[in-house]
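Residue-level structure breakdown
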Amino acid sequence: MPDPKTGELRGNRNLKRLDRITQTKQEEETARSLELGLEAADSINDRSISLFSRGHQPAFAGINTFMKSPYCEDIRNVGDYEAAFVGIPFDTGTTYRPGARFGPQAVRQISALYDGFSVDGAVDLHEELDLCDAGDIFVIPGNIEKTFDQVTKAVSYIYTSGAFPVLMGGDHSLGYPNVRGIAPHIDGNVGIIHIDRHIDMQEMDMDERMHTTPWFWTSNGHNHEGQDVSTSHHSHSHMHDVGLNNCPPKNLVQMGIGGWYGSRPGSEVARERGSSVLTMTDVEELGIKKAAEVALDLAWKDAKAVYLSFDIDSIDPGFAPGTGSPEPGGFLPREALELVRLIAREGLCGMEVVEVAPPYDVNQNTSQLACRVVLDVLGTLVTEGKLGHRSAVTKKE
Ligand SMILES: [Mn+2]
């Protein structure tokens, strides 16, 4: 919107803001590239170019971490960063098309296109956020429950280090062990905003905890009034745990739900426990801004933190075909990105993007959208002062 007093366009205001951000990281990267990659051939006039590519450029060259951020190989150093991209290459929980195990690598590859500078978002992620790529969690492809234990321990390690966890699946079964790695460290209730075409809230699918079950388990142990009754319900013999007592269903909001596949058992659980479901029709009728407001009110009500779970299949498969259980009629990319930005404004304790299945993708469209969801969330967290170090790299006016 133009400024009501001066008439100045938002884009032009953003240009001024961005001009006040230092370019220290950029300068450091250039110096490092020249040191490690040697000086360019004599005919190269731009002497910031190195002989071997060691920084962001060219985008199609090099060894890709997420956004070519530093690889935190010694995970004990992850707390030195403000945010950590973590791959969870697991798709044993899929019930239709497998392939999401290749999601993290595909997102890393297309992420090399981005340098983190956004005129629209008025943010320079490269300068304003210390982001690393923490590599992948060691999943056990043949065993869902052992993988859940690995994931929970790893996510807990990242979260307690102080780095904001950006968790890249992998299939949606990971929603449960991801939240289980964070929620126990939060002193109060945790809201969950779950954006998906599918409700993913049934107890078991084909006799296991699959990608159709995560929200049953996070909110397990609560009765239909949302009270914690976790000591009284039955447990499954081979499972170590039976729900999270600070993730009540009243703080679970599911958005974009619809279609014709696999929702009956989960719908009964949602109804019994009293969680909130905004169908795609609800979102369309409310509009994105109002829908986000409704979701934030519900998720944050008497909660200490909110977690974002984004299933890429919430975006219409015409735009995001590379996914395991496609369902037409979902969000347009611009709607989905606006929605996650609005949700991120209030702050998050962690985020996941799941169900990117590169074997079915076209032109990397799906993995690029997954990357954009991450960038738009991180950018918003930085501009809202919830993450990063904006003031330290902004010159005074
Ligand atoms: Mn889904």
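Values in this document were obtained by computation on a predicted structure and should not be read as measured data. (Residues numbered from 1 in each chain as written. Predicted model: local features only at pLDDT ≥ 70, side-chain atom pairs only at ≥ 80, totals over all residues.)

**Details of the overall build of the protein chain**
The cut-off we apply is this: Secondary structure elements are defined from DSSP: runs of H or I of at least 4 residues count as helices, runs of E of at least 2 residues count as strands, and each element is numbered from the N terminus. The atom set for the radius of gyration is the C-alpha atoms, and the globule formula is 2.2 Å times the number of residues raised to the power 0.38. Buried means a residue has 20 or more other C-beta atoms within 10 Å of its own C-beta, exposed means 12 or fewer, and partly exposed covers the counts in between; C-beta atoms are placed from the backbone. Here contacts are defined at the residue level, using C-beta atoms placed from the backbone and a cut-off of 7 Å between them.
Tallying secondary structure elements over the protein chain gives twelve helices and ten strands in all. Against the globule reference of 21 Å for 397 residues, the protein chain gives a C-alpha radius of gyration of 21 Å, in line with a compact fold. The dimensions of the protein chain, computed from C-alpha atoms along their principal axes, are 70 × 55 × 40 Å. Evaluated residue by residue, the protein chain yields a buried proportion of 49% over its 397 residues. Of the contacts formed within the protein chain by residues at least 6 apart in sequence, a portion of 75% connects residues at least 24 apart.

**So, the nonpolar core**
Put simply, the rule is: The nonpolar core criterion groups buried Ala, Val, Leu, Ile, Met, Phe, Trp, Tyr and Cys residues into a set whenever they are joined through C-beta atoms within 7 Å.
Counting residues in each nonpolar core, the largest one holds 99 residues, and the members touching the most others are A83, A84, V86, V166, I193, Y307 and L378. For this core, the leading source of residues is helix α12 (residues 365-383), giving ten residues. Ignoring sequence-local partners within four residues, the contact set of I193 consists of V253, M255, A295, A299, V306, L308 and I343.

**Here we look at the pairing of strand β1 (residues 83-88)**
Stated formally: We call two strands paired when DSSP finds no fewer than two bridges between them.
The buried fraction of β1 is high, at six of six residues. On β1, burial covers both faces: A83, F85 and G87 on one face and A84, V86 and I88 on the other are all buried. Sheet topology places β1 next to strand β4 (residues 131-136); four bridges connect them, and they run parallel. The residue of β4 that forms the bridge with A83 is L131.

**Some details on the sheet that holds strand β7 (residues 252-257)**
Applied cut-off: To get an axis, a line is fitted to the C-alpha atoms, and for a helix only the part in contact is used. The angle between two axes follows their N-to-C directions and goes from 0 to 180 degrees.
Read across the sheet, eight strands follow the order β4-β1-β5-β10-β9-β6-β7-β8 without closing on themselves; strand pairing throughout is parallel. A single partner strand is all that each edge strand has here, and the edge strands are β4 and β8 (276-279). For this sheet, the mean inter-axis angle between neighbouring strands, taken without regard to orientation, is 15°. On top of the sheet, helix α5 (residues 144-161) reaches β1, β4, β5 (164-169) and β10 (350-354); it is set at about 150° to β5, its chief contact.

**Observations regarding the confidence of the model for the protein chain**
Here is the rule we go by: Values of pLDDT, ranging from 0 to 100, describe the predictor's confidence in every residue of the model.
Put simply, the protein chain has an average pLDDT of 94, and 95% of its residues get 70 or more. A low-confidence stretch, residues 231-237 (pLDDT under 50), is modelled with three contacts involving residues beyond four sequence positions or located in other chains.

**Some thoughts on helix α3 (residues 103-111)**
For the α-helix, the turn length of 3.6 residues means that residues three or four positions removed from each other point alike. Of all the nine residues making up α3, seven are buried; the element is thus mostly covered by neighbouring parts of the structure. Those residues of α3 not exposed but buried are G103, P104, A106, V107, R108, I110 and S111. Turning to α3, the residues buried within the fold contact β1, β4, β5 and α12.

**Brief notes about the packing of helix α10 (residues 288-300) against helix α11 (residues 333-344)**
For clarity, the cut-off: Crossings are assigned a handedness: left-handed for a near helix turned anticlockwise from the far helix by less than a right angle, right-handed for a clockwise turn. The residue classification treats Ala, Val, Leu, Ile, Met, Phe, Trp, Tyr, Cys and Pro as nonpolar and Asp, Glu, Lys and Arg as charged. All others, Gly included, are polar.
For the pair α10 and α11, interaxial distance at closest approach is 9 Å and the crossing angle is 35°. Handedness of the α10/α11 crossing: right-handed. Facing α10, whose interface residues are I288, K289, A292, A295 and L296, α11 presents E335, E338, L339, L342 and I343. Split by residue class, the contact of α10 with α11 holds seven nonpolar, no polar and three charged.

**Details of helix α2 (residues 24-37)**
The condition that has to hold: A helix is expected to span 1.5 Å multiplied by its residue count minus one.
Between its terminal C-alpha atoms α2 stretches 19 Å, which fits the 20 Å expected from 14 residues at 1.5 Å a residue. Remark: L38 follows α2 within two positions and exhibits a positive phi of approximately 70°.

**Examining the pairing of strand β9 (residues 303-311)**
Applicable threshold: The handedness of a crossover follows from its direction of travel: if, with the strands pointing away from the viewer, the path from the first strand over the helix to the second runs clockwise, the crossover is right-handed.
Counting buried residues in β9 gives eight out of nine residues, a clear majority hidden from the surface. By the bridge criterion, seven bridges tie strand β6 (residues 189-195) to β9 in an arrangement that is parallel. By the bridge assignment for β9, I193 is matched with L308. Judged from the five bridges that link them, β9 and β10 form a sheet pairing that is parallel. Of the residues in β10, the one forming a bridge with D311 is V354. Regarding the hand of the β-α-β motif, the stretch spanning β9, α11 and β10 is right-handed.

**Let's talk about the packing of α3 against α12**
Rules: Angle categories: roughly parallel below 35 degrees, roughly antiparallel above 145, roughly perpendicular from 65 to 115, and oblique for all the rest.
For the pair α3 and α12, the least separation of the axes is 8 Å and the interaxial angle reads 80°. As the angle between them shows, α3 and α12 are arranged roughly perpendicular. Counted together, A106, V107, I110 and S111 of α3 and S367, Q368, A370 and C371 of α12 form the full contact between these two elements. Class assignment of the residues belonging to the contact of α3 with α12 gives a composition of five nonpolar, three polar and no charged.

**Focus: the environment of V373**
Take V373: it is sitting in helix α12. On the basis of neighbour count, V373 is assigned to the buried category, with 28 C-beta atoms found within 10 Å. In this structure, the C-alpha to C-alpha distance between V373 and V354, residues 19 residues apart in sequence, is 11 Å. When near neighbours in sequence (up to four residues on either side) are disregarded, V373 contacts F310, L337, V340 and V353.

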